[in-house]
Amino acid sequence: MVELSGCLVVGMPPLRDDEVAVAVYRMVVEEADRTGVRAVILDIEAIGAVDSRVVGTVNEIGMRLRSAAVDCVVVDGRPALQQFRDDQRERSRLDTVDSLDDALACLR
């Protein structure tokens, strides 16, 4: 995680099991609260496969941040995340963009 111009940029690690997913969720939410950032960018491109655990964790983080008036954008150049969310009818209102540059532009 790195703070950049009022945004917290998070490189999401692989979420091998539920324990790791919960730990990542807590870490991101606590750091956003601690730093008082206005936005969080979740970069999930390093995660090999987008599955229900990844989608659920990303959605939970996004919903929690938005309830605290913190914007959240997901970076993933693959269409899999959005397709998976659409298939599951998950509607957390998270923007999914192709690159970090797109995420920063979205938050301006």
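Below is a summary of the structure that appears in this document. (Residues numbered from 1 in each chain as written. Predicted model: local features only at pLDDT ≥ 70, side-chain atom pairs only at ≥ 80, totals over all residues. Heavy atoms only, no water.)

A short note on the overall build of the chain
Inference 1: Summing up its helical and strand segments, the chain has four helices and five strands in all.
Inference 2: Reading the chain from its N end, one meets helices and strands in the order β-β-α-β-α-β-α-β-α.
Inference 3: Across the 108 residues that make up the chain, the buried fraction comes to 38%.
Inference 4: The long-range fraction of contacts in the chain, counting pairs at least 24 apart against all pairs at least 6 apart in sequence, stands at 70%.
Inference 5: Surface summary for the chain: the accessible area is close to 5900 Å², and the carbon and sulfur share equals 46%. (Helix = DSSP H or I, 4+ residues; strand = E, 2+ residues; numbered from the N terminus. Buried < 20%, exposed > 50% of the residue type's maximum accessible area, 1.4 Å probe, protein only. Contact = heavy atoms within 4.5 Å. Areas by Shrake-Rupley, 256 points an atom, 1.4 Å probe, with all protein chains shown as cover.)

Observations regarding the packing of helix H1 (residues 18-35) against helix H2 (residues 52-67)
Inference 1: Where H1 meets H2, the closest approach of the two axes is 10 Å, and the angle between their N-to-C directions is 20 degrees. Considered as vectors, H1 and H2 are oriented roughly parallel to each other. H2 is crossed by H1, and the crossing has right-handed handedness. Counted together, Asp18, Ala21, Tyr25, Val28, Val29, Ala32 and Asp33 of H1 and Arg53, Thr57, Glu60, Ile61, Arg64 and Leu65 of H2 form the full contact between these two elements.
Inference 2: Of the residues assigned to the contact of H1 with H2, the class counts are seven nonpolar, one polar and five charged. (Axes fitted to C-alpha atoms, helices over the stretch in contact; angles between N-to-C directions. Parallel < 35°, antiparallel > 145°, perpendicular 65-115°, else oblique. Left-handed = near helix turned anticlockwise from the far one by under 90°. Nonpolar A, V, L, I, M, F, W, Y, C, P; charged D, E, K, R; others polar.)

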